[in-house]
Amino acid sequence: MTTKLPKLVAFDLDYTLWDFWIDTHVHPPLKRHHVTGKVIDSQRKPKTIDFYKDVPQIMHRLQAAGVTIAACSRTDAPSLAREALDLILIPPRTGSDSSAKPIPAIKFFDQLEIYPSSKIRHFKKLHEKTGIPYDEMLFFDDEWRNQEVEELGVTFTLVQNGLNDRILEKGLEEWRKRHPVQVTEDVVEADETLIS
């Protein structure tokens, strides 16, 4: 038996996938260390730009399941956010071939809605671009005000202290409660000739 998943899972970036506001805590240009692969900014004491611990395997899991992955971020630094996603390397999936190489995070995202605007506008754009119904969308964000997307039919999950496996499962559970598996049975009509 397979477990039902939404067709699209969207994530805010700041304090949802990483532990900073890209437009105020990070100073460009960013660079990836040629040996360690770590991404840092240009502050005197450089800030490491990376995802919360569980995020890489969450991305692998959703991608392997064929879920459309989106980023929805209301930031004043959209180009810096894209640059960070391009530079962050996601390690190979746990248990994968030892020759597998890290993949730029941006390659996991099928859709990017990263610009200063309401999350309602972000999701209207996602719906327009993908054709995926709102009720087939699940959104993770650290700001309660962004639950406004529920008006459209999107399932919202509040992220406190960064995305992790437990919060992902909580969101999926809530989405599934709203989408119970419907089982239809074939009804065999009685053949009147057998009755007579």
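The following refers to the structure shown. Chains are numbered independently. Their residues run from 1 in the order of the written sequence. In keeping with the model being predicted, local features are shown solely for residues with a pLDDT of at least 70 and side-chain atom pairs are shown and tallied solely at 80 or more, while totals for entire chains, interfaces and linings include all residues. Side-chain metrics in this entry use all non-hydrogen atoms of the structure; hydrogen atoms and water are not considered.

**With respect to the overall build of the chain**
What the chain contains, in helices and strands, is 5 helices and 10 strands. Our radius of gyration is a C-alpha quantity, and the globule rule it is checked against amounts to 2.2 Å times the number of residues to the power 0.38. By the compact-globule yardstick of 16 Å for 196 residues, the chain is too spread out, its C-alpha radius of gyration being 20 Å. By principal-axis analysis of the C-alpha atoms, the chain measures approximately 90 × 40 × 30 Å. Relative to its 196 residues, the chain shows a buried fraction of 41%. Numbered from the N terminus, helices here are DSSP runs of H or I no shorter than four residues, and strands are runs of E no shorter than two. Between buried and exposed lies partly exposed: a residue is buried under 20% and exposed over 50% of the maximum accessible area for its type, with that area taken using a 1.4 Å probe on protein chains only.

**Structural notes on the sheet that holds strand β3 (residues 39-40)**
Strand pairing requires that DSSP identify at least two bridges connecting the strands. The 3 strands are arranged β2-β3-β4 in an open sheet whose pairing can be described as antiparallel. Edge positions in the sheet fall to β2 (31-32) and β4 (48-49), since each of these pairs with one other strand and no more. Looking at chain direction, β2 and β3 are connected through 2 bridges and run antiparallel. By the bridge assignment, Arg32 is partnered in β3 with Val39.

**Focus on the environment of Pro91**
Locating Pro91 in the fold gives a position in the loop between β6 (89-90) and β7 (103-104). A C-alpha to C-alpha distance of 27 Å links Pro91 and Arg74, two positions 17 residues apart in sequence.

**Focus on the sheet that holds strand β10 (residues 155-158)**
Through backbone hydrogen bonds, the strands of a sheet pair up, either in parallel or in antiparallel fashion. Strand order in the open sheet formed by 5 strands is β8-β5-β1-β9-β10, and the pairing between neighbours is parallel. Where the open sheet ends on each side, the last strands, each with one partner, are β8 (111-114) and β10. Averaged over all pairs of adjacent strands, the angle between their axes in this sheet comes to 20°, without regard to strand direction. Where strand β1 (residues 8-11) meets strand β5 (residues 68-73), 4 bridges bridge the pair, whose relative direction is parallel. For Ala10, the partnering residue across the bridge sits in β5 and is Ala70. This element, helix α1 (residues 55-64), spans β1 and β5 of the sheet and lies at about 155° to β1. Lying over the sheet, helix α4 (residues 165-178) contacts β9 (137-141) and β10, oriented at roughly 145° with respect to β9. The axes used here are C-alpha line fits, helices contributing only the stretch in contact, and every angle between their N-to-C directions lies in the interval 0 to 180 degrees. Here a residue-residue contact requires only that any non-hydrogen atoms of the pair lie within 4.5 Å.

**Thoughts on helix α2 (residues 78-87)**
Inspection of α2 places Leu80, Ala81, Ala84, Leu85 and Leu87 among the buried residues, and these make up the whole buried set. Looking at the buried side of α2, the elements it contacts are β2, β3, β4, β6, β7 and β8.

**Observations regarding the packing of aromatic side chains**
Aromatic rings from Phe, Tyr and Trp, taking only the six-membered ring of Trp, are treated as a pair when their centres fall within 6.5 Å; an angle between ring planes under 30 degrees marks them as stacked, one over 60 as edge-to-face, and anything in between as tilted. Considering all chains together, one arrives at 7 aromatic pairs under this definition. Between Trp18 and Phe51, the aromatic rings sit 6.1 Å apart at their centres with planes inclined by 15°, giving stacked as the arrangement. Pair noted here: Trp18 is in the loop between β1 and β2 and Phe51 is in the loop between β4 and α1, with a separation of 33 residues, a long-range link. Residue Phe51 is classed as buried on the basis of its relative accessible area, which comes to 8%. Taking 5.8 Å as the distance between ring centres and 80° as the angle between the ring planes, the aromatic pair formed by Trp144 and Phe156 counts as edge-to-face. Of this pair, Trp144 sits in the loop between β9 and β10 while Phe156 sits in strand β10, and the two are 12 residues apart along the sequence. Judged by relative accessible area, which is 52%, Trp144 ranks as exposed. A connected cluster of aromatic rings, assembled from ring pairs, spans Phe123, Phe139, Trp144 and Phe156.

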